[in-house]
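# Chain and residue survey
What follows is each chain in one-letter form.
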Amino acid sequence: MFRHLCVLGAGTLALAIGGPVLAADMKPGPADGFDIHVMAPHKMEDGSVAGPFHHYCKAIKPEVLQCLLFESTDPNAVLTDVEYFVAKPVSRSAVPLDVWNKFYHDHEVEIATGRVQVLDMPDAQAKEVAAAAAKTDGIIFHLWPKGAKAPDGSVGHPTSVGHKPRTE
């Protein structure tokens, strides 16, 4: 049965399980609103650089953005990572320094490397988004190992290229 579902497109699947689904019929859900598109590479735990990854983000609280990360913009791209952008006053007061240094990175430092691009919006708005992101720390959860046919349960924690451990 599952093999047959994979062959069906989303529209065909909707018709097969109960009729057409119109945008007006859909209720808002937690996947709505991931429309801040950022592209950046990551420094993997082995020191290699991977990506760039396409981050699709949205604010879920005034001090937190969450992002879904993909290796491409293909509509069927695999979700490989999740990243949280956490306001520095929150992350730095709630996370011990040794844990922060192992798992977090400073977005201001990352943006300063020139490797981060805010896409799909006018330049002035992209600069505002980058300025807001610079006030956050990021933590990445890498869920789908490169080249794997399926996630294997391992979770990696890449950081930004240019990551610098904090001393205070």
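Residues numbered from 1 in each chain as written. Predicted model: local features only at pLDDT ≥ 70, side-chain atom pairs only at ≥ 80, totals over all residues. Heavy atoms only, no water.

The protein is annotated in an unreviewed UniProt entry as DUF1264 domain-containing protein from Nitrospira defluvii.

## Focus: the overall build of the protein
Note the threshold: Helix and strand definitions follow DSSP, with helices as H or I runs of at least four residues and strands as E runs of at least two, each counted in order from the N terminus. A 1.4 Å probe rolled over the protein chains alone gives each residue an accessible area, and that area as a share of the maximum for its type sets the label: buried under 20%, exposed over 50%, partly exposed in between. Between two residues, a contact is recorded if the distance between any of their heavy atoms is within 4.5 Å. In this description, accessible areas are obtained by the Shrake-Rupley approach with a 1.4 Å probe, and a residue is regarded as covered only by the protein chains that are shown.
Along the backbone of the protein there are 6 helices and 8 strands. Starting at the N terminus and ending at the C terminus, the protein contains elements arranged as α-α-β-β-β-β-α-α-β-α-β-α-β-β. Counting across all 168 residues of the protein, residues that qualify as buried make up 35%. Summarising the internal contacts of the protein: among those between residues at least 6 apart in sequence, 53% fall at separations of at least 24. Accessible area for the protein stands at about 10,500 Å²; split by element, carbon and sulfur atoms hold 61% of it.

## A closer look at the pairing of strand 3 (residues 64–70)
Counted only if it meets this: A pair of strands is considered paired only if DSSP assigns at least 2 bridges between the two.
Along strand 3, 5 of the 7 residues are buried, which leaves the element largely enclosed by surrounding structure. The pairing of strand 2 (residues 49–61) with strand 3 spans 7 bridges and is classified as antiparallel. Counted as the bridge partner of Y56 is L68 from strand 3. Relative to strand 4 (residues 79–87), strand 3 runs antiparallel, the two being bridged by 7 bridges.

## Observations regarding the state of the cysteines
As a reminder, the rule being used: Defined by distance alone, a disulfide is two cysteine sulfur atoms within 2.5 Å.
Tallied over the entire structure, the rule returns 1 disulfide. At a sulfur-sulfur separation of 2.0 Å, the disulfide partner of C57 is C67. Here C57 and C67 share a disulfide; its torsion about the S-S bond, 110 degrees, makes the bridge right-handed. With a gap of 10 residues between them, C57 in strand 2 and C67 in strand 3 connect regions that are remote in the sequence. Judged by its relative accessible area of 2%, C57 falls in the buried class.

## Side note on the pairing of strand 2
Relative to strand 2, strand 1 (residues 36–43) runs antiparallel, the two sharing 7 bridges. Paired with I36 across the two strands is C57, which belongs to strand 2. Between strand 1 and strand 2, which pair antiparallel and follow one another directly, the connecting turn spans 5 residues, one of which, G47, has a positive phi of 95 degrees. In sequence, strand 2 turns back onto strand 3 through a hairpin of 2 residues.

## Things to note about the packing of aromatic side chains
How we decide: Here is the rule: rings of Phe, Tyr and Trp (six-membered ring for Trp) pair when centre to centre is within 6.5 Å. Planes less than 30 degrees apart are stacked, more than 60 are edge-to-face, and the remainder are tilted. Definition used: whenever NZ (Lys) or CZ (Arg) falls within 6 Å of the ring centre and also within 35 degrees of the ring normal, the charge is taken to sit over that ring.
By the definition in use, this model includes 3 aromatic pairs. When the centroid spacing of 6.0 Å and the interplanar angle of 65 degrees are considered together, the rings of Y56 and F70 count as edge-to-face. Note that Y56 is positioned in strand 2 and F70 in strand 3, a separation of 14 residues in sequence. By the burial criterion, Y56 is buried, and F70 matches it. Lying across the ring of W100, R166 places its NZ or CZ 4.7 Å from the centre.

## Looking at the pattern of salt bridges
Side-chain pairs of opposite charge can arise whenever the charged atoms involved come near each other. The criterion, for reference: Salt-bridge detection follows one rule: a side-chain nitrogen of Lys or Arg within 4 Å of a carboxyl oxygen of Asp or Glu.
Within the structure shown, the criterion is met by 5 salt bridges. One salt bridge in this structure joins E71 and K146, with 3.5 Å as the shortest N-O distance. Residue E71 is located in the loop between strand 3 and strand 4, and its partner K146 is located in the loop between strand 7 (136–142) and strand 8 (159–160); the two are separated by 75 residues in the primary sequence. By relative accessible area, which is 68% here, K146 ends up exposed. In the salt-bridge network here, residues are joined through shared partners; they are K88, R92, D106, E108 and D137.

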